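Secondary and tertiary structure notes
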Amino acid sequence: MIKDILKSKFVVEICETATNMYRLGWDERNGGNISCLLTEDEVCEYLSPEKVLRCIPLGFDGSALSGKALLVTGTGKYFKNIASDPETNLGIIRISDDGNNAEVLWGFKDGGRFTSELPTHIMTHVARLKVDPYHRVVMHSHPTNTLAMTRVHPLEAREFTRSLWQTCSECIMVFPDGIGVLPWMVCGTNEIGVATADLMNEHRLVIWGIHGIYGTGNSLDEAFGLIETVEKAAQLYMLTAHLPILNTITDDELKALAESLSLDYRKDYLNI
Ligand code: 2HA
Ligand code: ZN
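These remarks concern the structure in this document.

Lining the immediate surroundings of ligand 1 are Asn30, Gly31, Gly32, Asn33, Glu117, His140, His142 and His211. At 2.9 Å from an oxygen atom of ligand 1 is found a side-chain nitrogen or oxygen belonging to Asn33. Interatomic distance of 3.0 Å between a side-chain N/O atom of His142 and an oxygen atom of ligand 1. Protein coverage of the free-state accessible area of ligand 1, which is 220 Å², stands at 87%. Considering only residue class, the shell around ligand 1 consists of no nonpolar, seven polar and one charged.

Okay, helix α6 (residues 144-152) next. Turning to α6, its buried residues are Asn145, Thr146, Met149 and Thr150. The buried residues of α6 occupy an angular sector of 145° when the element is viewed end-on, so they sit on one face. Exposed residues on α6 whose side chains face more than 90 degrees from its buried face are Arg151 and Val152. Elements in contact with the buried residues of α6: α7 (157-165), β8 (205-208), β9 (212-217) and α10 (220-240).

Protein-derived ligands of the zinc ion (ligand 2) are His140 (NE2), His142 (NE2) and His211 (NE2), with the metal-ligand distances lying across 2.1 Å. Binding-site remark: the zinc ion (ligand 2) is held by donors from one chain whose sequence spacing is H-x1-H-x68-H. With His140 in strand β6 (residues 137-141) and His211 in the loop between β8 and β9, the pair connects residues that are 71 residues apart, well separated along the chain. Look at His211 and you get buried, because its relative accessible area is 15%.

If you walk through the whole model with that rule in mind, you get one cavity of 30 Å³ or more. Of the voids in this model, the largest cavity is the one considered here, and its volume is about 30 Å³. As for the largest cavity, its lining consists of Arg128, Asp132, His135, Arg204, Thr216, Gly217, Asn218 and Glu222. Partitioned by chemical class, the residues of the lining of the largest cavity number no nonpolar, four polar and four charged.

So, on to the side chain of Arg204. With respect to the helices and strands, the residue Arg204 is situated in the loop between α9 (190-200) and β8. Here Val174 takes part through its backbone oxygen, which lies 2.9 Å from a polar atom of the side chain of Arg204. When near neighbours in sequence (up to four residues on either side) are disregarded, Arg204 contacts Arg128, Val174, Phe175, Pro176, Asp177, Tyr214, Gly215, Thr216, Glu222 and Leu226.

Another point: the packing of α6 against α10. Their axes nearest at 7 Å, the elements α6 and α10 cross at an angle of 50°. Taken as axis vectors, α6 and α10 run oblique relative to one another. Of the two possible hands of crossing, α6 and α10 adopt the one that is left-handed. Mapping the contact onto sequence places Thr144, Asn145, Thr146, Ala148, Met149 and Val152 in α6 and Val230, Glu231, Ala234, Gln235, Tyr237 and Met238 in α10.

On to the side chain of Thr88, then. Relative to the helices and strands, Thr88 resides in helix α4 (residues 86-89). Reaching out from Thr88, the side chain makes a polar contact with the side chain of Asp85 at a distance of 2.7 Å. When near neighbours in sequence (up to four residues on either side) are disregarded, Thr88 contacts Lys77, Phe108, Lys109 and Asp110.

Okay, the sheet that holds β6 next. As summarised here, the arrangement of the nine strands in space is β2-β5-β4-β3-β1-β6-β9-β8-β7, forming an open sheet in which the pairing is mixed. Edge positions in the sheet fall to β2 (54-57) and β7 (179-182), since each of these pairs with one other strand and no more. For this sheet, the mean inter-axis angle between neighbouring strands, taken without regard to orientation, is 25°. Bridging between β6 and β9 involves five bridges; their strand directions are antiparallel. Bridge pairing in β9 places Ser141 opposite Ile213.

Among the nonpolar cores identified, the biggest contains 54 residues, and Leu71, Ile92, Leu164 and Phe175 are the most heavily contacted of them. The leading source of residues in this core is α10, at nine residues. If sequence neighbours within four positions are ignored, Phe175 has contacts with Leu164, Trp165, Arg204, Leu205, Leu226, Thr229 and Val230. Counting residues in each nonpolar core, the second largest holds 26 residues, with Leu37, Leu58, Phe60 and Leu199 among its members.

What follows covers the pattern of salt bridges. For the structure shown, the criterion picks out twelve salt bridges. Linked by salt bridges that have partners in common, Glu202, Arg266 and Asp268 make up one network.

What the rule picks out here adds up to four aromatic pairs. Judged by centre distance (4.7 Å) and plane angle (50°), the ring pair of Trp208 and Tyr214 falls under tilted. Summarising the burial analysis for this pair, Trp208 and Tyr214 share the class buried. Taking the ring centre of Phe114 as reference, the NZ or CZ of Arg113 above it sits at 4.8 Å.

What counts, and at which threshold
Residues numbered from 1 in each chain as written. Chains lettered and ligands numbered in written order. Predicted model: local features only at pLDDT ≥ 70, side-chain atom pairs only at ≥ 80, totals over all residues. Heavy atoms only, no water. Near = heavy atom within 4 Å. Polar contact = N/O pair within 3.5 Å; in protein donor to acceptor, adjacent residues only side chain to side chain. Areas by Shrake-Rupley, 256 points an atom, 1.4 Å probe, with all protein chains shown as cover. Nonpolar A, V, L, I, M, F, W, Y, C, P; charged D, E, K, R; others polar. Buried < 20%, exposed > 50% of the residue type's maximum accessible area, 1.4 Å probe, protein only. Helix = DSSP H or I, 4+ residues; strand = E, 2+ residues; numbered from the N terminus. Arc of directions from axis to C-beta. Contact = heavy atoms within 4.5 Å. Donors = N, O, S within 2.8 Å, 3.2 Å for Na, K, Ca; no water. 1 Å grid on protein atoms, 1.4 Å probe; cavity = no way out; pocket = protein on both sides within 12 Å on 5 of 7 lines; lining within 4 Å. Points joined across faces, edges and corners; volume = space filled by probe spheres on them. Axes fitted to C-alpha atoms, helices over the stretch in contact; angles between N-to-C directions. Parallel < 35°, antiparallel > 145°, perpendicular 65-115°, else oblique. Left-handed = near helix turned anticlockwise from the far one by under 90°. Pairing = 2+ DSSP bridges. Core = buried A, V, L, I, M, F, W, Y, C linked by side-chain atoms within 4.5 Å. Salt bridge = Lys/Arg side-chain N within 4 Å of Asp/Glu carboxyl O. Phe/Tyr/Trp six-rings, centres within 6.5 Å; stacked < 30°, edge-to-face > 60°. Lys NZ or Arg CZ within 6 Å of the ring centre and 35° of its normal.

All we've got here are geometric facts, nothing functional implied.
So this is what it looks like as C-alpha cells:
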C-alpha cells in the first residue's frame, strides 16, 4: 500500500521549515532553496520507484550521487507558497545511473524543475557525506543581518567566525567548526558549487558574500538551527558594530567554554 506523500514526515517538515524561513524574512520572492536526501525506504513508502515522470538534464556530473533520491525546492518558486501547494513548488528527483539526469519521481506539477542552485546542493551533499555519513540536508537562504554583515565585515572565514563567536556564548557551541566564507560570485553555476563544496569539507556553514548562506545537517532542524544561530549573532553584531564595544568574550574565555563542553573546535581561529 502506497501512502499519501503529502502526509510524509519529510514533506510536512519541509513545508513547516520553508514557512518559518519566509516568516523570518530570510526568503523573499523566490530566494532560497532546500534539498534533502531521502532513503530508499522513504521513497518506496510513498512512490513507485520505477515510475519516472520525466527526465531533466543536470548540466553537471552528478554520478557521485547516482541512484540517490532528493526532495528539492523548485526554481523560481516562492517559499511563501510551498506549504499551500507542495506538489507544484517541490519535487523528488533521483540522480540517474550515468549521473547526467534528474529523474522526476514526484512534484514539479506545473512542468517546473529543480532549483538553479542544484550544482551547489549536489556537490555539497557529496562533500558532507564524506565527513558525516548521517548528513542529509542542504539549505540556502538570504537572512537579512547575515547579508548586512557581509557588506561591512571582511569576507574572511577566520575573522568572520571570530566576530560571530564574540557576540554570544551560543555561537562557539553551535558552530565550533566555524563558517566558510566565499567572496561574491555569480550564483547558479558549477563554479560556485565547486568553491562551496570545497569549504564544506571543513565547515557545515558557508557564507556567500552579499548573497546568502548555506547550512547543512542531519535534519532540516539542524540545518535551520545553524543558520538561525548565525543570523542571531549577525543581528547582535550589526546592532553593536558602530558602538564602542566595552565587553566581549575573550579568546581565553572562548577556549574555556569550548573545553568545558569538550568541543572539537577550530583552535586555529583563536589567538592563543
Ligand atoms: O533560488 O536563492 O541563489 C534563488 C536563490 C538563488
Ligand atoms: Zn540565493
